[in-house]
Amino acid sequence: MAEEAAVRAQAGAVRRLKQDKADPDEIAKEVAKLLEMKAQLGGDEGKQKFVLKTPKGTRDYSPKQMAIRERVFSAIITCFKRHGAEVIDTPVFELKDFDIAGQFDPMIPDAECLKIVHEILSDLQLGDFLIKVNDRRILDGMFAVCGVSDSKFRTICSSVDKLDKMPWEEVRSEMVGEKGLSPEAADRIGEYVQLHGGLDLIERLLQDPKLSQNKLAKEGLGDMKLLFEYLTLFGITGKISFDLSLARGLDYYTGVIFEAVLLQQENDHVEEAISVGSVAGGGRYDGLVGMFDPKGRKVPCVGVSIGIERIFSILEQRVEASEEKIRTTETQVLVASAQKQLLEERLKLISELWDAGIKAEVLYKKNPKLLNQLQYCEDTGIPLVAIVGEQELKDGVVKLRVVATREEVNVRRESLVEEIRMRTSWP
C-alpha cells in the first residue's frame, strides 16, 4: 500500500509540473521516475495485480462530461422547481420526471407539462425542436370509424407510429400486407394520420362527419382545443403540433400524449425539417396509479419524462465536433503573484477569498511564472486573476485582471470581494 501511495504521489507531481509548464527536461525526468516506480510495483513476483473497474451497470465520467451533465441537470431541476415541484428520489438514471397527480380542471396541468418541456429544451439550446401532441381518445375514435377492430388496435397503432421514420406508402403496405388490415380501412386511416397542425385542424376535425359522431374522438378533440387555447396563452404554440400519427405508450396513457423531437434540415433545398430523435415524452395516465392502490382508487395523473441520457449524448457530440472549451470548474478567480517569494501573500489572500465564499484557486508552486499562471486561466476558463506584487502590497491594492479582455484595474484590498462578486455575477 505504501508503494502504491508513492506512485500516486509521483503521478501528482508530474501533473503539477505539466500544469506549471515546467522545464521539459525536468518533466521527462519525473515521468521516467514514475514509470520506474510503476514497473517495480507491478513486477514483483507473487504480488497480486489489481485492476480498477467501475461497478457493473455504471460508468465513469470525465470532468468535461460531468460539466455537461451538471448543466443539463441544473436546467431541468431549476425548471421543475420553478413550477412548484417537490423532489423524490428514484433509481432511474435515464429520465427526469415531472408529474402532476390529483383531480383538477381539464387540460390545465397538461398544458403546464408542455410548457415545462418547452422551457427545458429552449434553455438547453439543443437546436430546433417540435413537440407533437395527440390524444388516446382521438386515436381510439379514429380507428373505430376507419373500421379497425379492437383486436388489431395495438398492432395498427405500432405501424402508424412509424410515420416519423417511414413514408405513408410503406406504413400502409405493412398494415395491409403484414397485419391483415383491409386496403379500404388503411386508406381511411391514411386520410387522418398524415394530418398535423394546430387549432384550425382541431376545429376542422370537430366538424368531420365521421369523427364528430364518435363519443371518444369528440371528447378528445374538445380537450385538445382547450389545450391549444391554454398553450396559446403560454405563447408556445409555434413549437407544438397536433399530430394524428403520434401513438406512443398506449398501454397506460388514457388522454393527451406528447413527444418532443429535435429537428434538422435535410438539406438546403428542403424547407421541411426532419426529426432526428425523441428527447422527451409524456401524457395523461389516469388509470396507472390505481393499479397499484390496494383499494383501486382512481388518481388522475399527467407527467413528462426528459430523456437526459440522450440529451447528454447530443451535447457531448456537439462539443467534440466544435472543439468548444467546456469549463470543468466554477472557479471565479486565480490568486497569482508577479514576483518570487510571495507564496505567503498568495495564501493569505486566497484564504480571505475562501472565507468570503469566493471560488478561488492558487497554483501549488512557490514561485510560479506569471505567464504560466495567466495561461492556466486561459486553459481552464477562469475569468479573473487577482495579482499580488511588491508594489501592490505597499499600496494596499490587488491588481485584478480580466482574462478575456486583459483589462487590469487596481482594487483596494478591502473592496476585492465585492468587485469579484460584481464581475462574476456572484449572488
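Report on the accompanying structure. For every chain, the first residue of its written sequence is number 1, and the numbers climb from 1 along that sequence. Totals for whole chains, interfaces and linings use all residues, but because this is a predicted model, local features are given only for residues with pLDDT of at least 70 and pairs of side-chain atoms are given and counted only at 80 or more. Side-chain figures throughout are based on the complete set of non-hydrogen atoms in the structure, without hydrogens or water.

**Things to note about the sheet that holds strand β8 (residues 333–337)**
- A strand pair is defined by DSSP finding two or more bridges across the two strands. Helical segments are the DSSP runs of H or I of at least four residues, strand segments are the runs of E of at least two, and each set is numbered from the N terminus. If you walk across this open sheet you meet the five strands as β9-β8-β10-β11-β12, and the pairing is mixed. Both outer strands of the open sheet, β9 (360–361) and β12 (408–412), are each paired with one neighbouring strand and no more.
- Here strand β11 (residues 397–402) runs beside β12; their pairing, made up of five bridges, is antiparallel. The residue bridging R401 from the neighbouring strand is E408, located in β12.

**Looking at the environment of L201**
- Looking at the secondary structure, you find L201 in helix α9 (residues 199–206).
- Accessibility here uses a 1.4 Å probe with only protein chains present; expressed as a share of the type maximum, an area under 20% marks a residue as buried, one over 50% as exposed, and anything in between as partly exposed. On the basis of relative accessibility, which here comes to 4%, the residue L201 falls in the buried class.
- Pairs of residues are marked as contacts when any of their non-hydrogen atoms sit within 4.5 Å. If near-sequence neighbours (up to four positions away) are discounted, L201 is found in contact with L195, H196, F242 and L244.

**Digging into the packing of helix α6 (residues 153–160) against helix α7 (residues 168–178)**
- Axis geometry follows a simple rule: fit a line to the C-alpha atoms, using only the stretch in contact for helices, then measure angles between N-to-C directions, giving values from 0 to 180 degrees. It is the contact of α6 with α7, at a shortest axis distance of 9 Å, that shows an interaxial angle of 160°. One element, α6, and the other, α7, form an angle in the roughly antiparallel class. Both α6 and α7 take part in a crossing whose hand is right-handed. Contacts from I156, S159 and V160 in α6 reach V171, E174 and M175 in α7.
- In this classification, the charged set is Asp, Glu, Lys and Arg, the nonpolar set is Ala, Val, Leu, Ile, Met, Phe, Trp, Tyr, Cys and Pro, and all remaining amino acids, among them Gly, are polar. Its residues assigned to classes, the contact of α6 with α7 shows four nonpolar, one polar and one charged. Each angle gets one of four labels, with under 35 degrees taken as roughly parallel, over 145 as roughly antiparallel, 65 to 115 as roughly perpendicular, and the rest as oblique. Helix crossings get a hand from a simple test, with the near helix turned counterclockwise from the far one by less than a right angle marking a left-handed crossing and a clockwise turn marking a right-handed one.

**A short note on unusual backbone geometry**
- Although it is not a glycine, M107 sits at a positive phi angle of roughly 70°.
- Along the chain, M107 turns up in the loop between β1 (95–101) and α4 (108–124).

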